Amino acid sequence: MDRLQIRNMLLQTFEDFQMTRSERSALNQIFSHINLTDHNLSLIRNEAFQIFRENKPADASDTDALSWLEDLMKILANTNTREATLNSEALFSPHDDCSHRICRMVSSARKNIDICVFTITDDRVTEAILDAHARQVQVRIITDNDKSFDRGSDIERLGESGIPVRIDQSEFHMHHKFALFDSEFVLTGSYNWTRSASFNNSENLVITNDPGLLIRFESEFEKLWNDFLV
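Calculation notes
- Residues numbered from 1 in each chain as written.
- Predicted model: local features only at pLDDT ≥ 70, side-chain atom pairs only at ≥ 80, totals over all residues.
- Heavy atoms only, no water.
- Helix = DSSP H or I, 4+ residues; strand = E, 2+ residues; numbered from the N terminus.
- Buried < 20%, exposed > 50% of the residue type's maximum accessible area, 1.4 Å probe, protein only.
- Contact = heavy atoms within 4.5 Å.
- Phe/Tyr/Trp six-rings, centres within 6.5 Å; stacked < 30°, edge-to-face > 60°.
- Lys NZ or Arg CZ within 6 Å of the ring centre and 35° of its normal.
- Pairing = 2+ DSSP bridges.
- Salt bridge = Lys/Arg side-chain N within 4 Å of Asp/Glu carboxyl O.

Draft legend 1. Up close: the side chain of Glu47. Turning to its location among the elements, Glu47 is positioned in helix H3 (residues 38–55). For Glu47, a relative accessible area of 7% corresponds to the buried category. Non-local contacts of Glu47, meaning those with residues more than four positions away in its chain, are made with Arg3, Ile6, Arg7 and Leu10.

Right, here's the structure in full:
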């Protein structure tokens, strides 16, 4: 089954945001005859998240579309539990383990990177993001206005490179520190993407492919992306 076939199949179940019993049964039957290798599983997940991003009408609630994603991920997990095996890791600072791991995640991304962080001042991470953008990876950044134009902030540079950036201009803080890579991994934790976090602070960084967490973070990113549209 190629990408177009997968997309058309998923779009049919997305039309009313409700996956009926017959649709669940049909998908279970189809997936049971597909060799759910890492590649095929990645294709299905990527297409599902892409459909979620591109086709949800503005008047539809996030809960409706999210329930469709959750149903689909449950079907995938039940079809082949071997492929549902979790891969997670935790890293800590000070030292460069966290910053180096972020750079490797950015460098290995193939299609899209969604970044939602309070501030970015670590030039090593910034260079990796710019390199990803240069090789046509779709990058989006959400950040906070409190630090965006501080000395050392790389947000303006990233925006000037052509990367879409949206900034929380409210009196409160967009204080998240997470990123999504190819709709396959989510990276989160207390770690700010700064030199001080790498060299001085006691911080943590968690990376996982847990489907349930991917869905929740993907939904939160899309919500904030729409909220901060100027």
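Now that the structure is up, let's keep going.
Draft legend 2. Spotlight on the environment of Asn87. In this structure, Asn87 sits in the loop between helix H4 (62–79) and strand E1 (88–93). Considered as a pair, Asn87 and Asp210 are 123 residues apart in the sequence and their alpha carbons are 7.4 Å apart. Ignoring sequence-local partners within four residues, the contact set of Asn87 consists of Phe185, Ile207, Thr208 and Asn209.

Draft legend 3. Molecular detail of the packing of aromatic side chains. Taken as a whole, this structure holds 2 aromatic pairs when the rule is applied. Taken together, a centroid distance of 5.9 Å and an interplanar angle of 15 degrees make the contact between Phe221 and Trp225 stacked. On the criterion of helical spacing, the pair formed by Phe221 and Trp225 is a turn pair, its members being 4 residues apart in helix H10 (residues 211–227). The exposure class of Phe221 is buried, given its relative accessible area of 0%. The ring of Trp225 carries the charged tip of Arg140 above its face, separated from the ring centre by 5.1 Å.

Draft legend 4. Molecular detail of the pairing of strand E7 (residues 203–208). Alignment of E1 against E7, held across 6 bridges, turns out to be antiparallel. For Ser88, the partnering residue across the bridge sits in E7 and is Thr208.

Draft legend 5. How the structure looks around the pattern of salt bridges. Counted under the stated rule, the structure contains 12 salt bridges. Measuring nitrogen to oxygen at the nearest pair gives 3.7 Å for the salt bridge that ties Asp122 to Arg195. Taken together, the positions of Asp122 in the loop between strand E2 (112–117) and helix H6 (123–134) and Arg195 in helix H9 (residues 195–199) put the pair 73 residues apart, joining distant regions of the chain. Relative accessible area serves as the criterion here: at 32%, Arg195 is assigned to the partly exposed category. One connected set of salt bridges, linked through shared partners, spans Asp96, Asp122, Arg124 and Arg195.

Draft legend 6. Representation of the environment of Phe49. For Phe49, the position within the fold is in helix H3. According to the relative accessible area criterion, Phe49 is buried, its value standing at 1%. In this structure, the C-alpha to C-alpha distance between Phe49 and Ser219, residues 170 residues apart in sequence, is 9.5 Å. Sequence-distant contacts of Phe49, defined by excluding residues within four places in its chain, comprise Leu69, Met73, Ser183, Leu214, Ile215 and Glu218.

Coordinates in, geometry out; function isn't part of it.
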